[in-house]
Amino acid sequence: MSFSQYIIYFIIVAAIPLWAQYRVKTTYAQYSKVGVANGLTGAEVARHILDTNGLTNVPVHETKGMLSDHYDPRKKAVFLSEANFRGRSIAGAAVAAHEVGHAIQDQQDYAFMRFRSALVPVTMFSSNISWVFLIIGMLANVASFMLLGIILMAVGVLFQLITLPVEFDASKRALVQLESGGLVSSSELPQAKKVLSAAAMTYVAAMAVAVLELLRLLLIFTNMNRN
């Protein structure tokens, strides 16, 4: 790649996640100001969906940080950020339902979720060590080290790929639960969908960046072998 191509590449790689973060923050900010008609807090929405699905043993906890909401499969618990735990907004209801969607996946032994969980320790190891081999391979011009680094990085790309169906499925489950449980009205459902769609774009962006970086390294490896 020429210098100008590298500049264009890095601009694209930087712009994709920034765009995704901007979209999720602006969409969340918009609908966090729109009150949900039933007046339920995010915690109450989560509790209702959990109980409806027989997950009465799964607690809902408040956690610090903005958009720090998550489901912990090890603790079997839903964690909602303060704004969503206490707030009574469309955004809070949507996010709460999404995290409960992960709890339902866990309950039903959703295959992609199990696969992603199994990949977590492998991905953490491969992501930390891959750059060691990549840097040595590029600086010393050793193709075998470069290839090993690329293979290790590909594990992270696989993790990002598996994450997509897990997140999209959780959002799909969330919308079904919100509608079937009467937790949002028919006019509020499209708004909840916008919140979840914006949030999903952060995972799509992460996947796109990971794939672009892997392709760039493969190009370097190919040129290395030609030389």
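Residues numbered from 1 in each chain as written. Predicted model: local features only at pLDDT ≥ 70, side-chain atom pairs only at ≥ 80, totals over all residues. Heavy atoms only, no water.

1. Here we look at the pattern of salt bridges
Part 1 of the argument: All told, the structure shown has 10 salt bridges when counted by the stated rule.
Part 2 of the argument: As a salt-bridge pair, Arg-173 and Asp-169 come within 2.4 Å of each other at their nearest N and O atoms. Within this pair, Arg-173 and its partner Asp-169 are both found in helix 6 (residues 143–180), separated by four residues, close to a single helical turn. Each member of the pair Arg-173 and Asp-169 is classed as buried. (Salt bridge = Lys/Arg side-chain N within 4 Å of Asp/Glu carboxyl O. Helix = DSSP H or I, 4+ residues; strand = E, 2+ residues; numbered from the N terminus. Buried < 20%, exposed > 50% of the residue type's maximum accessible area, 1.4 Å probe, protein only.)

2. Comments concerning the nonpolar core
Part 1 of the argument: In terms of nonpolar packing, the biggest core is built from 36 residues, with Val-45, Ile-49, Leu-50, Val-60, Val-78, Val-100 and Leu-178 touching the most fellow members.
Part 2 of the argument: Elements with a contribution of two residues or more to this core: helix 1 (3–31), helix 2 (42–52), strand 3 (77–81), helix 4 (90–107), helix 6 and helix 7 (189–226).
Part 3 of the argument: Sorting elements by how many residues they give to this core places helix 4 first, with 10 residues.
Part 4 of the argument: Ranked by size, the runner-up nonpolar core spans 13 residues in total, among them Leu-134, Met-146, Leu-164 and Met-224. (Core = buried A, V, L, I, M, F, W, Y, C linked by side-chain atoms within 4.5 Å.)

3. Some words on the UniProt feature "transmembrane region" (unreviewed entry) in the chain
Part 1 of the argument: This chain's UniProt record puts "transmembrane region" (unreviewed entry) on residues 6–24, 118–139, 145–164 and 195–221.
Part 2 of the argument: The span residues 145–164 is 100% helical and 0% strand by assignment, and the distance between its end C-alpha atoms comes to 30 Å. (UniProt positions renumbered as here; feature names shortened; annotations may be inferred.)

4. Considerations on the layout of surface pockets
Part 1 of the argument: Approximately 900 Å³ is the volume found for the largest pocket.
Part 2 of the argument: Forming the walls of the largest pocket are 31 residues, and the residues nearest its centre are Asp-69, His-70, Glu-99, Glu-167 and Tyr-203.
Part 3 of the argument: Listed by contribution, the elements that provide at least two residues to the lining of the largest pocket are helix 1, strand 2 (70–72), helix 4, helix 5 (111–140), helix 6 and helix 7.
Part 4 of the argument: Among the elements that make up the lining of the largest pocket, the one with the highest residue count is helix 7 (seven residues).
Part 5 of the argument: Looking at the lining of the largest pocket residue by residue, the class counts come to 15 nonpolar, nine polar and seven charged. (1 Å grid on protein atoms, 1.4 Å probe; cavity = no way out; pocket = protein on both sides within 12 Å on 5 of 7 lines; lining within 4 Å. Points joined across faces, edges and corners; volume = space filled by probe spheres on them. Nonpolar A, V, L, I, M, F, W, Y, C, P; charged D, E, K, R; others polar.)

5. Remarks on unusual backbone geometry
Part 1 of the argument: With a phi close to 50 degrees, Leu-67 is a non-glycine residue in the positive phi region.
Part 2 of the argument: Note that Leu-67 resides in the loop between strand 1 (60–63) and strand 2.
Part 3 of the argument: According to the relative accessible area criterion, Leu-67 is partly exposed, its value standing at 32%.
Part 4 of the argument: At Asn-141, a residue that is not glycine, the phi angle is positive and equals roughly 55 degrees.
Part 5 of the argument: Tracing the sequence through the fold places Asn-141 in the loop between helix 5 and helix 6.
Part 6 of the argument: Given a relative accessible area of 54%, Asn-141 falls into the exposed group.

6. Focus: the packing of aromatic side chains
Part 1 of the argument: Counted under the stated rule, the structure contains three aromatic pairs.
Part 2 of the argument: The interplanar angle of 75 degrees and the centroid separation of 5.1 Å between the aromatic rings of Tyr-9 and Phe-10 together place this pair among those described as edge-to-face.
Part 3 of the argument: Judged by its relative accessible area of 44%, Phe-10 falls in the partly exposed class.
Part 4 of the argument: Aromatic pair Phe-133 and Phe-145: ring centres 5.7 Å apart, planes at 50 degrees, arrangement tilted. Taken together, the residues span a long stretch of sequence, with Phe-133 in helix 5 and Phe-145 in helix 6 at a distance of 12 residues.
Part 5 of the argument: Across from the ring centre of Tyr-110, 5.5 Å away, lies the NZ or CZ of Arg-173, which sits over that ring. (Phe/Tyr/Trp six-rings, centres within 6.5 Å; stacked < 30°, edge-to-face > 60°. Lys NZ or Arg CZ within 6 Å of the ring centre and 35° of its normal.)

7. Section: the sheet that holds strand 3
Part 1 of the argument: As summarised here, the arrangement of the three strands in space is 1-3-2, forming an open sheet in which the pairing is mixed. Looking at strand neighbours, the two that pair on one side only are strand 1 and strand 2, the edges of this open sheet. In this sheet, adjacent strand axes meet at a mean angle of 30 degrees when their direction is disregarded.
Part 2 of the argument: Summarising the sheet, strand 2 and strand 3 pair through three bridges and their orientation is antiparallel. (Pairing = 2+ DSSP bridges. Axes fitted to C-alpha atoms, helices over the stretch in contact; angles between N-to-C directions.)

8. Thoughts on helix 2
Part 1 of the argument: Taken residue by residue, helix 2 has Gly-42, Ala-43, Val-45, Ala-46, Ile-49 and Leu-50 as its buried positions. Along helix 2, the residues classed as buried sweep out an arc of 160 degrees about the axis, all on the same side.
Part 2 of the argument: Contact partners of the buried residues in helix 2: strand 1, strand 3, helix 3 (82–86), helix 4 and helix 6.
Part 3 of the argument: Phi for Gly-54, located one or two positions after helix 2, is positive at around 75 degrees. (Arc of directions from axis to C-beta. Contact = heavy atoms within 4.5 Å.)

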